[in-house]
Amino acid sequence: MDIRQIEEAVLSFYRSGTQQQEDTHQWLQKIQESPQAWSFCWQLMQLDRPSEVQFFGAITLHSKLTKHWAEVPKEAHGEFKQKLLESIVMFGNGPKIVLSQLCISLSVFIVHMLEHPTVIEEVTGMFLNEQLGALSKTCQLEILMSVLERHPGRGRLRPTRRSLGRWSCEELNKNEKLNAGRLEESEMTVLINATKCLATWLKYGNVRLDECDTMVQVLLKLIHYCYWKEPKEDGCLSQEDSDLAETAVKVLVKVMSSQNCNGYKYSATVIRFMVLFLDVLGPILDVEWKENNENENLAFVIYTLFLTTLECYSSVIFAGILSDNEELTKVYGRTVDLLVKCTDKPGTYPVDESCSTLAMEFWYMLQDEVFSMPNDDHKTKCWDAIKPVYAHILKVLIRKSQLPNDKALPKWNSDDLETFRCYRQDIGDTLLSCHDVLNDLMLDVLSEALDESILYLNYDPQNTDSWPLLEATIHAYCSIAQKIEYAEYPQIVKLLKVLNDIPYDKYSDKLLGMALETAGAYSDWISDNPKYLPSAIELLVKGLSSTQASQATLGLKDLTSECQKEMAPFALPLLDACRAALQGGHLKNSEMIRLMYTVGNIMSVISYENIIQYLDVMVSPCFAELQMTVQNQDKSDAAKSRIILRLEMISKLFSSLNTRKPSEKDGDDLSATVGRGQPTAAAAAAAAPPQPQPVQPILLILEKTMGLLKTLCEQWIHDESVIETLCKALQQALTNLMDDIKPLLNDMCCLILHIFANKCAPSAVEMAGNFILIFYNDPQSRDSMKQLFNAILEYNFGQMQQYDEQQKLSDVADLIETFYMFNTRITKKMPVCYGEVQADCTRLVEYAMKAMMLPETGPIKKSVGFLTVFIKESRNCPRMMSAVAGQGENILRNTFLCLGGYTPRAHVDVFADIFLALNYKYPSDYVRWIKVLEKPNFPTFFVSQADKEQFVKKVLKEKVNRRLVQEHVRKFAAQCRNAVEWEIDFRTSS
C-alpha cells in the first residue's frame with residue numbers, strides 16, 4: 001500500500017471540507033481494517049512525518065490491537081513489544097497526542113499478554129528501573145502512569161499496584177529536602193507524579209486502612225510543606241505548590257473512601273487519622289477562613305476530605321456526641337466546629353467563596369445518625385446535645401441565604417445567579433433537617449430572627465438596600481411550611497401580620513415575591529386556621545397587580561385549593577380581583593392560565609346563578625376571541641398564539657370547576673332517632689328522592705361552544721400544537737365530568753374521529769381511551785365506542801404500515817409510543833374490546849415486535865409493556881390467545897435480537913417482563929419457543945452455546961422473581977455484545 005497516498009489522504013481529511021472529509025474518512029477506516037495496517041502504521045509514525053500523519057499511525061495501531069490481535073503470530077509478540085516501546089521512547093517528548101495513543105496501545109498489549117504472569121512486572125520494571133535510557137526519569141514515570149491509568153485490566157494488577165503504591169510513598173518520604181523545606185523544580189515534578197500515581201491506583205484497589213499510616217503521614221507532611229514553606233504577602237500559593245497540595249489531599253480522600261463498609265473494623269485508625277487531619281489541616285482552614293481568598297480550591301478539597309471521612313465513618317465519629325472517651329469526644333467537637341465554620345465561610349456563595357455548600361449534607365447526616373440510634377434514652381440525650389448547634393446553624397443559614405441587593409448585583413453573572421438559586425434550595429433542604437431537630441424551638445429562633453431583620457430594616461428607613469436579611473428570614477419560614485402542623489402558633493400569626501405590614505413599594509420586588517410565595521406555602525396551615533384567610537387573600541390580591549404576579553397566581557392557586565370550603569365568604573370579591581387582573585393586560589400568558597385554575601376553584605363554591613354570571617363576564621371573552629379568529633379565518637402566528645392561550649385558559653378552568661364535589665355527611669343526623677324510633681327531619685330529608693341538580697357548568701359551556709370547537713378543529717387540523725391544546729382542554733373536561741359528559745358523547749366522538757382522519761394527536765388517543773373505558777359497558781354507547789376503538793387501530797396501523805414500508809418507523813416514534821400506551825390501558829381494563837370489535841390482534845403484536853427493535857426509548861418501553869400485559873390477559877380472549885400462540889416464537893426471536901444489540905444496554909431490563917409473562921401464562925409453549933436460541937451464532941456470534949443453555953435454564957426456572965430475571969437478562973445481553981469484562985472495568989473506573 002502506497003504510504004504517500006495514505007499520508008495525502010490523512011492531510012486531506014484534516015484540511016478539507018465536510019463532504020470530502022466524509023469520503024476520506026470512509027476510505028481511511030477501510031484501510032485501517034486491512035492486514036497491511038500492521039506494517040504501514042509504524043511507517044506513518046516516523047519522525048519526519050507531519051503530526052497528523054503520526055497520530056493516524058498511532059490510532060491505527062491501537063485499532064488493530066483492539067480488534068485484530070489474533071492476526072499477530074505468537075512468535076512475533078516479543079518483537080511487537082520492542083517496537084512499541086521504541087516508538088514510545090521516540091515520542092517521549094511529544095507530540096503528546098501521539099504519545100497518549102501509544103500509551104493506550106501499550107495498555108491493550110498488556111491485557112492481551114496477561115497469560116504470561118510476568119508481563120506486567122517486565123514492562124513496569126523497565127520504567128521504574130529507568131531502562132529506557134533516552135528519556136529522563138521523570139518522563140519515564142509520567143509515561144508509566146499514563147499506561148497504567150488507562151489499563152483496562154486493573155483488577156488483576158494488585159501486586160503491581162502495591163509495589164507502585166510503596167514506590168510512591170518511598171519517593172515522597174525519602175526526599176530529605178522535603179523535611180528540610182527546600183525543593184528544586186524537577187524534584188517538585190517527581191513529587192507531583194508520585195502523588196498522582198498514588199491517586200490513580202487507589203481508585204482501583206482495596207487498600208487496608210490500617211496499612212496507610214505511613215502514606216497518610218507523608219501526604220500530610222507534603223501538604224504542610226507546600227502551604228507553610230514560603231509565606232507570600234498575598235497569601236497565594238504558587239501553581240506548583242497548589243497543585244501538589246491539592247493532589248495530596250485528593251489522595252487522602254481516596255484513602256478514606258476505600259474502606260467505607262468497614263467503619264467499626266477501623267474505628268481506632270479513623271480516629272487517629274482524624275486527629276492528624278485536624279492538627280495539620282485545621283490551621284490551614286483557619287488561615288483560609290476569609291472571603292475572596294486565593295487558595296479557595298485547596299480549602300475546598302480539605303473540607304471535602306473531612307466530609308468524605310464523615311460520610312464513610314459517620315457512626316465512628318458521631319459516637320463522640322456523648323462518650324466516656326475523652327479523645328473521641330474532642331474529635332467530634334472539633335469536627336463539628338470545623339463544619340460550622342465551613343457553613344459560615346465569610347463572603348457570599350458563589351462569588352466570594354465556594355466551600356459553604358459542602359457542609360449542607362453534613363447537617364442531614366448528623367441528625368439522621370442521631371434519629372437512627374436504637375437506644376431511646378441515648379438518642380434523647382444526643383438529640384438534646386445537638387440542638388444548640390442546629391439553633392446556631394439556623395441563624396447562619398439565614399445569613400448565608402441573603403440575595404444580592406442592587407448595589408452588589410453588577411458583579412454577579414447569570415451562572416452565579418443560577419448557582420446561588422440551587423444553593424438556596426440546598427439551604428431550604430437543610431432547614432428541614434434543622435426543624436427535625438429543633439421542632440417548635442425553630443419557630444422561636446425564626447421569630448427572633450424576624451424581629452432582628454425588621455429592626456435592621458427600620459434602622460435606616462431611607463436605605464432601600466437593607467431588605468435581603470428580611471427576605472432571607474421569610475425564605476426560612478417558607479422552607480419549613482410543610483413541617484408546620486395545624487396548631488395556631490403565635491409565631492406564624494406574627495409572620496402573616498408582618499407580611500401584610502411591610503411597605504413593599506420602598507424595596508425590591510424580590511421581597512414581595514418571597515412574601516407571596518410564603519403566603520401560598522402556608523395554605524395548608526391557613527385551612528386549619530381560617531381566621532387568617534382574609535389577610536392571606538389581601539396580600540395575594542395585592543401581588544396580582546405587581547411585577548411578582550407569577551408568585552401571586554401560584555399562591556392563589558394553592559390557597560384556593562387547600563381552603564376551598566372556607567373561601568365562600570370571600571369568593572365574589574376575589575373573583576372580581578381575578579377578573580380585573582385578567583383584563584388588566586399586564587399578566588404573562590402563564591400567569592393568566594394559572595389564574596383561571598383559581599377562578600374555577602372559587603366558582604365551585606358559589607351559587608349556580610353567580611357561576612353563570614361570572615362565566616359570562618370571565619370566560620365568554622375567551623370564546624368570543626376564538627369565534628372572531630374562526631370567522632376571520634386568521635391563520636397568522638399571532639392568531640395561533642392567542643388561540644393556544646385561550647384554549648389553555650379554558651383547559652385550566654375545566655380542570656378545577658366542579659360543582660358536584662363530594663360533600664361531608666352529618667353522621668349524627670342520619671343515625672339519630674327520637675321517641676319510638678321515629679326518624680328525625682334530617683333523616684327524613686335524606687331518605688327523600690334526590691332533587692334534580694342543575695347542569696354542570698362545564699357541560700353547559702361545551703353545549704354552547706361545541707360547534708365553535710369543531711370549526712376551530714377543522715381550520716387548524718394540520719397544526720399539531722393547536723390540536724394538542726384543544727384535545728387537552730376536552731380531556732380536562734372529560735376527567736372532571738366523567739359520565740356527566742354523556743349528552744355530548746356523540747359530538748366528542750365525531751371530533752376525535754375527525755382528528756384521526758387527518759392527524760393522530762397523542763392527546764386525542766388518550767381522550768379516546770378514557771371515553772372507551774368510561775362508556776364501553778354502557779349499552780347505549782357501546783356501538784360508538786367500538787367505532788372509536790376501530791378508528792384508532794386502523795389509523796395507527798395505516799401510519800405504521802406506511803412508514804414501515806419506507807423503513808422509517810422511527811419518524812413516528814411518538815405515535816407508536818402513544819398507541820401502545822393506549823393499548824396497554826385497554827388490555828388491562830377492558831380486554832373484551834379486542835374480541836368484540838374483531839381487532840387484528842396478530843397485526844397489533846407484529847407491530848409491537850417491530851417497535852421494540854427501534855432505537856428510541858419510548859417505543860421500546862411501551863411496546864414491551866403492551867406485549868407483557870397482552871400475554872397475561874390473552875388467556876381470557878380467544879382472539880388474543882390465537883395471536884400470542886401464533887407469534888410466541890417470533891416474540892422471543894425479536895427479544896433475543898434486542899438483547900443482542902438492537903436495544904441500548906441501559907434498557908434491556910424491560911425484556912425480563914416478556915420472559916416472565918410467557919413462562920407464567922404459556923409454560924409448555926414457552927419451552928418450545930425458546931429453542932429459537934439454539935440456532936448457531938444467534939443472536940450474535942459472541943455468545944457461546946453453553947452460555948445460551950445456562951441462560952435458558954435460568955429463565956425457565958423463574959416465573960415470578962422479576963429482579964432475578966432482570967439480572968439474568970442484563971448478563972446475557974452483555975455476553976451477546978462481548979461487553980462484560982471491558983464494560984465492567986470501565987464502569988468501575990468512572
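Here the structure is a predicted model, which means the values were calculated and not measured.

(A) Quick peek at the pattern of salt bridges. For the coordinates displayed, the defined rule picks out 35 salt bridges. A salt bridge links Lys229 to Asp241, with the nearest nitrogen and oxygen atoms 3.1 Å apart. One end of the pair, Lys229, is in the loop between α12 (213–228) and α13 (239–257); the other, Asp241, is in helix α13, and 12 residues separate them in sequence. Residue Lys229 is classed as partly exposed on the basis of its relative accessible area, which comes to 32%. Assessed through its relative accessible area of 3%, Asp241 is described here as buried. For Arg962, the salt bridge is made with Asp913, and the minimal N-O distance between the two is 2.6 Å. Within this pair, whereas Arg962 is found in helix α48 (residues 962–976), its partner Asp913 is found in helix α45 (residues 912–921), the two being separated by 49 residues in sequence. Overall, Arg962 belongs to the partly exposed group, its relative accessible area being 41%.

(B) Layout of a negative patch on the surface. Together, Asp440, Asp444, Glu448, Glu452 and Glu485 make up a region of like negative charge exposed at the surface. Tracing the chain through its elements places Asp440 in helix α21 (residues 440–459).

(C) View of the nonpolar core. Counting 279 residues, the largest nonpolar core has Phe277, Trp363, Phe771 and Phe896 as the members making the most contacts within it. Residue-level mapping places this core at the junction of two domains, with at least three residues from each of domain 2 (439–589) and domain 3 (847–989). What Phe896 contacts, discounting residues up to four positions off in sequence, is Phe915, Ile930, Val932, Leu933, Phe938, Pro939, Phe951 and Phe972. Counting 36 residues, the second largest nonpolar core, distinct from the first, contains Ala58, Leu84, Met113 and Phe127.

(D) Structural context of unusual backbone geometry. The omega torsion of the bond from Gly94 to Pro95 falls at -5°, within 30 degrees of zero and hence cis. As for its position among the elements, Pro95 is in the loop between α5 (77–90) and α6 (96–112). In this chain, Tyr349 is followed by Pro350 through a cis amide linkage whose omega measures 0°. Inspection of the secondary structure assignment puts Pro350 in the loop between α17 (326–343) and α18 (360–371). Although it is not a glycine, Gln633 adopts a positive phi angle of roughly 50°. For Gln633, a relative accessible area of 56% translates into the label exposed. In this model, Gln838 sits at a positive phi of 55°, which is unusual for a non-glycine residue. Its place among the elements puts Gln838 in the loop between α41 (832–836) and α42 (841–851).

(E) Up close: the packing of helix α38 (residues 762–775) against helix α39 (residues 782–805). Two numbers describe how α38 lies on α39: the axes approach to 10 Å, and their chain directions differ by 150°. Our classification of the angle between α38 and α39 gives roughly antiparallel. Between α38 and α39 the crossing geometry is left-handed. Side by side, α38 and α39 meet where Ala768, Phe771, Ile772 and Phe775 of the first sit next to Arg782, Met785, Leu788, Phe789 and Ile792 of the second.

(F) Looking closely at the environment of Leu587. Within the secondary structure, Leu587 is located in the loop between α28 (571–584) and α29 (589–603). The class of Leu587 is buried, set by a relative accessible area of 9%. Residues Leu587 and Thr553, 34 residues apart in the sequence, show an inter-C-alpha distance of 9.8 Å. For Leu587, the residues in contact, after removing those within four places along its chain, are Leu544, Ala549, Ala581, Leu582, Met592 and Leu595.

(G) How the structure looks around the packing of aromatic side chains. Within the structure shown, the criterion is met by 36 aromatic pairs. Relative to Phe80, the ring of Trp69 has its centre 5.6 Å away and its plane inclined at 70°; by these criteria the two rings are edge-to-face. One end of the pair, Trp69, is in the loop between α4 (51–67) and α5; the other, Phe80, is in helix α5, with 11 residues separating them in the sequence. For the residue pair Trp69 and Phe80, the accessibility class agrees, reading buried in each case. Relative to Phe938, the ring of Phe896 has its centre 6.5 Å away and its plane inclined at 80°; by these criteria the two rings are edge-to-face. Of this pair, Phe896 sits in helix α44 (residues 878–902) while Phe938 sits in the loop between α46 (923–929) and α47 (945–957); the two residues are 42 residues apart in sequence, bridging distant segments of the chain.

Procedures and definitions
Residues numbered from 1 in each chain as written. Predicted model: local features only at pLDDT ≥ 70, side-chain atom pairs only at ≥ 80, totals over all residues. Heavy atoms only, no water. Salt bridge = Lys/Arg side-chain N within 4 Å of Asp/Glu carboxyl O. Helix = DSSP H or I, 4+ residues; strand = E, 2+ residues; numbered from the N terminus. Buried < 20%, exposed > 50% of the residue type's maximum accessible area, 1.4 Å probe, protein only. Patch = residues over 30% accessible without salt bridge, like charges linked within 9 Å, V, L, I, M, F, W, Y side chains within 5 Å. Areas by Shrake-Rupley, 256 points an atom, 1.4 Å probe, with all protein chains shown as cover. Lys, Arg positive; Asp, Glu negative; His and termini not counted. Charge placed at Lys NZ, Arg CZ, Asp CG, Glu CD. Core = buried A, V, L, I, M, F, W, Y, C linked by side-chain atoms within 4.5 Å. Domains from an automatic or database assignment. Contact = heavy atoms within 4.5 Å. Axes fitted to C-alpha atoms, helices over the stretch in contact; angles between N-to-C directions. Parallel < 35°, antiparallel > 145°, perpendicular 65-115°, else oblique. Left-handed = near helix turned anticlockwise from the far one by under 90°. Phe/Tyr/Trp six-rings, centres within 6.5 Å; stacked < 30°, edge-to-face > 60°.

In short, geometric facts, not functional conclusions.
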